[in-house]
Amino acid sequence: MEHINQFEKGLENRKKVLGASHVEKSWASADEFNRPMQKLVTEYCWGEIWGDDTLPFKTRSMLNLAMLTAMSQHHELAAHVKGALTNGVTKDEIRAVLMQASVYCGVPLALAAFRVASQAISAYEADAAKA
């Protein structure tokens, strides 16, 4: 029963941060091979970790931006920039996180992160303007 609750909690958190259409597309495109990974991410990443109230979503978003920059995970970074904006992180705060990452992770990684973040911010603002 706990896993069902964690999955549902995770699905709800994932949709709050990344948007329902993104999450539903990920789940719908999951197949027999990768569906267990989608389930694991939903239960543990989004249910257990994001479901822990110790850190607010805004803080978690800023941490993710720094970590994803450090790991050069551009696809995930783009999704989490949009999620960060949804969670109340300002463009100035995103810039500050990426500037700090440039010093601690390296300028090439941060430059790539700025390119990804700029595109993600533009896409987020375009979607918001349509709504």
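These figures come from a predicted structure and were not determined experimentally. (Residues numbered from 1 in each chain as written. Predicted model: local features only at pLDDT ≥ 70, side-chain atom pairs only at ≥ 80, totals over all residues. Heavy atoms only, no water.)

Peer 1: Break down the overall build of the chain for me, citing the residues and quoting the values.
Peer 2: What the chain contains, in helices and strands, is 7 helices and 0 strands. When the helices and strands of the chain are read in sequence order from the N terminus, they spell out α-α-α-α-α-α-α. In terms of C-alpha radius of gyration, the chain reaches 15 Å, essentially the compact-globule figure of 14 Å for 131 residues. Taking the principal axes of its C-alpha atoms as reference, the chain extends roughly 45 × 35 × 30 Å. In the chain, 65% of the contacts between residues at least 6 apart in sequence involve partners at least 24 apart. Put simply, the chain shows about 8000 Å² of open surface, and 59% of that area lies on carbon and sulfur atoms. (Helix = DSSP H or I, 4+ residues; strand = E, 2+ residues; numbered from the N terminus. Rg over C-alpha atoms; globule rule 2.2 N^0.38 Å. Contact = heavy atoms within 4.5 Å. Areas by Shrake-Rupley, 256 points an atom, 1.4 Å probe, with all protein chains shown as cover.)

Peer 1: Describe the domain arrangement of the chain, naming the residues involved and giving the relevant values.
Peer 2: Here the domain parsing of the chain yields domain 1 (1–54) and domain 2 (56–130). Here the C-alpha centroids of domain 1 and domain 2 sit 21 Å apart. Between domain 1 and domain 2, the residue contacts involve 10 residues of the former and 10 residues of the latter. Together, the buried faces of domain 1 and domain 2 total about 830 Å²; carbon and sulfur atoms form 63% of this surface. In terms of surface lost to domain 2, no three residues of domain 1 exceed Val17, Leu18 and Trp50, which account for 59% of the buried area on that side. Applying the counting criterion to the domain 1 and domain 2 interface returns 1 salt bridge. The shortest N-O distance in the salt bridge between Asp52 and Arg60 comes to 3.9 Å. Of all the secondary-structure elements, those providing two or more residues to the side of domain 1 that touches domain 2 are helix H1 (2–18) and helix H3 (35–49). At 4 residues, H1 tops the list of elements feeding residues into the side of domain 1 that touches domain 2. A class-by-class count of the residues in the side of domain 1 that touches domain 2 yields 5 nonpolar, 3 polar and 2 charged. (Domains from an automatic or database assignment. Buried area = accessible area lost by both parts, 1.4 Å probe. Salt bridge = Lys/Arg side-chain N within 4 Å of Asp/Glu carboxyl O. Nonpolar A, V, L, I, M, F, W, Y, C, P; charged D, E, K, R; others polar.)

Peer 1: Which residues make up the packing of helix H5 (residues 74–86) against helix H7 (residues 107–130), and what values go with them?
Peer 2: Two elements in contact, H5 and H7, have axes whose closest approach is 9 Å; the angle formed by their N-to-C orientations is 50°. When the interaxial angle is binned, H5 and H7 end up oblique. You can see that H5 and H7 cross each other, and the crossing is right-handed. Contact with H5, carried on its side by His74, Leu77, Ala78, Val81, Lys82, Leu85 and Thr86, involves Ala112, Ala113, Val116, Ala117, Ala120, Ile121, Ala123 and Tyr124 of H7 and no other residues of that element. Each residue belonging to the contact of H5 with H7 can be placed in one class, and the counts come to 12 nonpolar, 2 polar and 1 charged. (Axes fitted to C-alpha atoms, helices over the stretch in contact; angles between N-to-C directions. Parallel < 35°, antiparallel > 145°, perpendicular 65-115°, else oblique. Left-handed = near helix turned anticlockwise from the far one by under 90°.)

Peer 1: Which residues make up the packing of aromatic side chains, and what values go with them?
Peer 2: Two aromatic rings are characterised by how far apart their centres lie and by the angle between their planes. A full pass over the atoms with the stated rule returns 3 aromatic pairs. Pairing Trp50 with Phe57 gives two aromatic rings, centres 5.1 Å apart and planes at 80°, and the pair type is edge-to-face. Chaining the aromatic ring pairs together yields one cluster made of Trp46, Trp50 and Phe57. (Phe/Tyr/Trp six-rings, centres within 6.5 Å; stacked < 30°, edge-to-face > 60°.)

Peer 1: Talk me through helix H4 (residues 57–70); I want residue IDs and the actual numbers.
Peer 2: Between the first and last C-alpha of H4 there are 20 Å, a value that for 14 residues agrees with the 20 Å anticipated at 1.5 Å per step. Residues Arg60, Ser61, Asn64, Leu65, Leu68 and Thr69 constitute the buried set of H4. Within H4, the buried residues cover an arc of 165° as seen down the axis, which keeps them to one side. With its phi angle positive at about 55°, Ser72 sits one or two positions after the end of H4. (Expected span 1.5 Å × (residues − 1). Buried < 20%, exposed > 50% of the residue type's maximum accessible area, 1.4 Å probe, protein only. Arc of directions from axis to C-beta.)

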